[in-house]
Amino acid sequence: MSNVKEFSVEEKLSALLNLQKIESKMDEIQILKGELPIEVSDLEDEIQGLHARETRIEEEVNGIQEFIEQKKNLIKDAQALIKKYEKQSQNVKNNREFEAVNKEVELQTLEVKLAEKHIKDANEEIGEKARLLENAKKAIATKEGNLKHKKGELEKIINETEKEEKEFSNLSNAAREHVEPRLLASYDRIRKNYRNGLSVVPIVRDACGGCFNAIPPQRQSEIRQRKKIIVCENCGRILVDEELNDSVQVKS
Ligand SMILES: [Zn+2]
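Residue indices begin from 1 for each chain and proceed along its sequence in written order. The predicted nature of this model means local features are confined to residues of pLDDT at least 70 and side-chain atom pairs, given and counted, to a pLDDT of 80 or more, with totals for whole chains, interfaces and linings taken over all residues. Hydrogens and water molecules were not included; the side-chain quantities draw on all heavy atoms of the structure.

As for the sheet that holds strand β3 (residues 230-231)
Here comes step 1: For two strands to be treated as a pair, DSSP must find at least two bridges joining them. Working definition: helices are DSSP H or I runs of at least four residues, strands are E runs of at least two. Numbering for both runs from the N terminus. With respect to topology, 4 strands assemble into an open sheet ordered β2-β1-β4-β3, the strand pairing being mixed. Of all strands in the sheet, those with a lone pairing partner are β2 (207-208) and β3, marking the two edges.
Here comes step 2: The sheet contact formed by strand β1 (residues 200-204) and β2 spans 2 bridges and is antiparallel. Its bridge partner lying in β2, V204 is registered against A207.

This is the structure in structure tokens:
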């Protein structure tokens, strides 16, 4: 089948714009989906980290409690010794023996005091750990709520976009049929070069809508005339006037 009809530049630009707008919609879906999986996996990592912190604090608390038990036993032993020495002091034979026993009592009394101080400090430390544990638990609850929400959102987007994506993909294939191969090749080449996927851009406030490089008035009027395809001298994107840009709308 021969191509009888020769398209005007305006028709070519409109066809390109149509394709660009359809494929930009497809890009939007990818961006929408592209960030949620990362957010979900980030949250999962954070929750895992918080659970590890929780475990670590609990282990530390166990360690402190063991330490307290040791100190309590130490106090019991010291008190038993004190009792024993006090009994002995009633049966001492001389002053020297009395002094020696007294010294032991003093020593054990000091041991008890020191152990009591250690227990008090340790209990304070447990209180501090309990607060940290509480914070970790709260953070986990918040993040888990967040995660549930994001997962739901992602699932919803995937469900919703499956259909939309298919539709845009069909629209894009159809739109490609209306663009001549040489132009389509430049369109694809430019599109691939830029992260925002924009190949065809309008004039925005006297500048290229892609790179914001100023466009001289003479060139702007040439673009408005739609007599030839004009690319941005700075970024190489295909330029269209605002009116043409606004006239092409993609449904859905
Ligand atoms: Zn440009």
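That covers the picture; the talk isn't over yet.
Quick word on the coordination of the zinc ion
When a metal holds four donors in a tetrahedron, each ideal angle between them is 109.5 degrees; when it holds six in an octahedron, the ideal angles are 90 or 180 degrees.
Here comes step 1: Listed as protein donors to the zinc ion are C208 (SG), C211 (SG), C232 (SG) and C235 (SG); their distances from the metal cover 2.2 to 2.3 Å.
Here comes step 2: Only nitrogen, oxygen and sulfur atoms count as donors, using a 2.8 Å cut-off from the metal that widens to 3.2 Å for Na, K and Ca. Water is left out, so coordination shells may look unfilled. Within one chain, the residues donating to the zinc ion are spaced in sequence as C-x2-C-x20-C-x2-C. With C208 in strand β2 and C232 in the loop between β3 and β4 (238-240), this residue pair connects regions lying 24 residues apart in the sequence.
Here comes step 3: Remark: exposure states derive from per-residue accessible area (1.4 Å probe, protein chains only) relative to the maximum for the residue type, with buried under 20%, exposed over 50%, and partly exposed in between. Assessed through its relative accessible area of 0%, C208 is described here as buried.
Here comes step 4: We classify C232 as buried; its relative accessible area is 5%.

What to know about unusual backbone geometry
Here comes step 1: Residues other than glycine seldom take positive phi values, yet D206 does so here, at roughly 60°.
Here comes step 2: Phi is positive for F212, close to 65°, though the residue is something other than glycine.
Here comes step 3: Looking at the element boundaries, F212 is found in the loop between β2 and α4 (217-225).
Here comes step 4: Using a relative accessible area of 59% as the deciding quantity, one classes F212 as exposed.

Quick look at the nonpolar core
Here comes step 1: Definition of nonpolar core: a set of buried residues of the types Ala, Val, Leu, Ile, Met, Phe, Trp, Tyr and Cys, connected through side-chain atoms within 4.5 Å. Residues L16, V179, V200 and I238 are the most contacted members of the largest nonpolar core, which totals 21 residues.
Here comes step 2: Listed by contribution, the elements that provide at least two residues to this core are α1 (9-90), α2 (95-177), α3 (181-193) and β4.
Here comes step 3: The element contributing the most residues to this core is α1, with 8 residues.
Here comes step 4: Membership of the second largest hydrophobic core comes to 16 residues, among which are I68, I75, I82 and A122.

Looking at the packing of α1 against α3
Here comes step 1: Every angle, taken between N-to-C directions, lies between 0 and 180 degrees, and every axis is a line fitted to C-alpha atoms, over only the stretch in contact when it is a helix. It is the contact of α1 with α3, at a shortest axis distance of 12 Å, that shows an interaxial angle of 35°. As α1 runs across α3, the sense of the crossing is right-handed. When α1 is examined against α3, the residues K12, L16, L19, Q20, E23 and D27 are found in contact with a partner set consisting of L183, L184, Y187 and R191.
Here comes step 2: As a working rule, the residues Ala, Val, Leu, Ile, Met, Phe, Trp, Tyr, Cys and Pro are called nonpolar, Asp, Glu, Lys and Arg charged, and the rest polar, with Gly in that last group. Here the residues of the contact of α1 with α3 sort into 5 nonpolar, 1 polar and 4 charged. For any helix crossing, the convention is left-handed if the near helix is rotated counterclockwise from the far helix by under a right angle, and right-handed if that rotation is clockwise. Between two residues, a contact is recorded if the distance between any of their heavy atoms is within 4.5 Å.

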